[in-house]
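Summary of the model geometry
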Amino acid sequence: MTGTLGQDRQLDDVSFDQLRQLVGLVDYDSSKDPFPVRAMDAVVFVAGNATQTAWFYQVAFGMRLVAYSGPETGNRGYKSFVLTSGSARFVINGGVAPDSPLHDHHRAHGDGVVDLALEVADVDQCVAHARAQGATVLEEPHDVSDEHGTVRMAAIAAYGETRHSLIDRSRYDGPYLPGYVAKESAIPARKRLFQAVDHCVGNVELGRMDYWVEFYNRVMGFVNMAEFIGDDIATDYSALMSKVVSNGNHRVKFPLNEPAIAKKKSQIDEYLEFYDGAGCQHIALATNDIIATVTAMRESGVEFLDTPDSYYDDPELRARIGEVRVPIETLKEHRILVDRDEDGYLLQIFTAPIGDRPTVFYELIERHGSLGFGKGNFKALFEAIEREQERRGNL
Ligand code: FE2
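Parameters at a glance
Residues numbered from 1 in each chain as written. Predicted model: local features only at pLDDT ≥ 70, side-chain atom pairs only at ≥ 80, totals over all residues. Heavy atoms only, no water. Donors = N, O, S within 2.8 Å, 3.2 Å for Na, K, Ca; no water. Helix = DSSP H or I, 4+ residues; strand = E, 2+ residues; numbered from the N terminus. Buried < 20%, exposed > 50% of the residue type's maximum accessible area, 1.4 Å probe, protein only. UniProt positions renumbered as here; feature names shortened; annotations may be inferred. Domains from an automatic or database assignment. Contact = heavy atoms within 4.5 Å. Buried area = accessible area lost by both parts, 1.4 Å probe. Salt bridge = Lys/Arg side-chain N within 4 Å of Asp/Glu carboxyl O. Polar contact = N/O pair within 3.5 Å; in protein donor to acceptor, adjacent residues only side chain to side chain. Nonpolar A, V, L, I, M, F, W, Y, C, P; charged D, E, K, R; others polar. 1 Å grid on protein atoms, 1.4 Å probe; cavity = no way out; pocket = protein on both sides within 12 Å on 5 of 7 lines; lining within 4 Å. Points joined across faces, edges and corners; volume = space filled by probe spheres on them.

Distances from the iron ion to its protein donors, namely His199 (NE2), His282 (NE2) and Glu363 (OE), fall within the range 2.0 to 2.2 Å. As a motif over one chain, the donors of the iron ion read H-x82-H-x80-E. Remark: His282 occurs in strand 14 (residues 279-286) and His199 occurs in strand 10 (residues 196-203); sequence separation between them is 83 residues. An identical accessibility class is assigned to His199 and His282; each is buried.

The feature "domain: VOC" (unreviewed entry), as annotated in UniProt, sits at residues 39-169 and 196-352 in this numbering. Overall, residues 39-169 shows 24% helix and 49% strand. The separation of its end C-alpha atoms is 12 Å.

A separate point is the domain arrangement of the protein. Parsing the protein into structural domains produces domain 1 (16-182) and domain 2 (196-392). Distance between the C-alpha centres of domain 1 and domain 2: 23 Å. Across the contact, 51 residues belong to domain 1 and 46 residues belong to domain 2. With both chains or domains summed, domain 1 and domain 2 bury close to 4000 Å², and 64% of this area falls on carbon and sulfur atoms. Viewed at the interface, domain 2 and domain 1 are joined by zero salt bridges. If you look at where domain 1 meets domain 2, you find 14 residue pairs in polar contact (both at pLDDT 80 or more). Ranked by residue count, the leading element in the side of domain 1 that touches domain 2 is strand 1 (residues 37-46), at six residues. Tallied by class, residues from the side of domain 1 that touches domain 2 come to 31 nonpolar, 15 polar and five charged.

Once that is clear, we can look at empty space enclosed by the protein. Scanning all chains against the criterion turns up four cavities of 30 Å³ or more. Counted as a void, the largest cavity has a volume near 210 Å³. Around the largest cavity, the lining is made up of 20 residues, and of these Asn257, Gln281, His282, Phe378 and Leu381 lie nearest the centre. Contributions of two or more residues to the lining of the largest cavity are made by strand 10, strand 12 (240-246), strand 13 (253-259), strand 14, strand 16 (344-350), strand 17 (361-368) and helix 11 (378-392). Take the lining of the largest cavity: its biggest share by element is four residues, from helix 11. In this model, the second largest cavity occupies a volume close to 140 Å³. Lining of the second largest cavity is provided by 13 residues; of these, Gln267, Pro353, Phe361, Ile385 and Arg392 occupy positions nearest its centre.

Written out as structure tokens, the structure is:
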């Protein structure tokens, strides 16, 4: 199998060329890849109240409900809502039966990501490679079937209690997985707010970042991306170390953070304390119109991190970023950050944590050629995070 894996995936109405621009794809030869990954299959969450969380993502993030599993469909243990926006798919699970293990997960971690599920062409090949490289196989490859066909799946362990399900749905045409029924949003459709998942960031314990970078390299054939930040993040500001790995064509990108020692408590330490261990910190959503997306989300009550006027008024910023799609005054009005590198530029903004614990949050990102993650904005961003940490009494 050669060429750019992913071209054959049904992508709602987001074309492969659109994705190339949206999430910064590169060409690669998958025939040399020991663990070829096509795309994110789904980001799977456990929520304390999946019914209301699914509603939140429809109202505030404009996602569409497409499938459901729960007591009404014969699943007595938990409710599961499947939501999409372009090629992005979220699955929200919540315990129904009092003895559901999902309650235990929620007690420990609060609302969070349990599974960064990956679509792969050959589940057995991936599991065999992962096992040979020492990965923990949580679920052996197996088939699940219903009237829509058969899905082959397995799962391997990642950081904390996070897993990677490996899913081959090439022989399946149901709404999600066997056991789910199609279900439509009761909320009227409106303009889509984002088209794809750009990257999913993991926070790991002090000293564990390189372990997990090496895990993704060796076990899953991921490559190190050009933006390798190492220790060059300003250490006074909620310091962290960060490195980025991706699958061959950069469709699946996993930055990995660990806390760094600084004068103040790292934002990563705050996460690790309140999530009770390593876990997914933020999910970046790719949009082709960040102004419209931020405006719509704010109107729905989503809170974003503030950026001080001084960020926009700094002549150095204006010199560094040059011409971008929208005037700086407009970016300032919406508190959107901008960064430029040798390949192009990107616009980005971060939400406040979306749950009760100061853990999971979102990024919106509009890429124009840049394959980076907004390195030039870390200082401004960390100052904003630090102000929020201070308000929570966690600095
Ligand atoms: Fe990010």
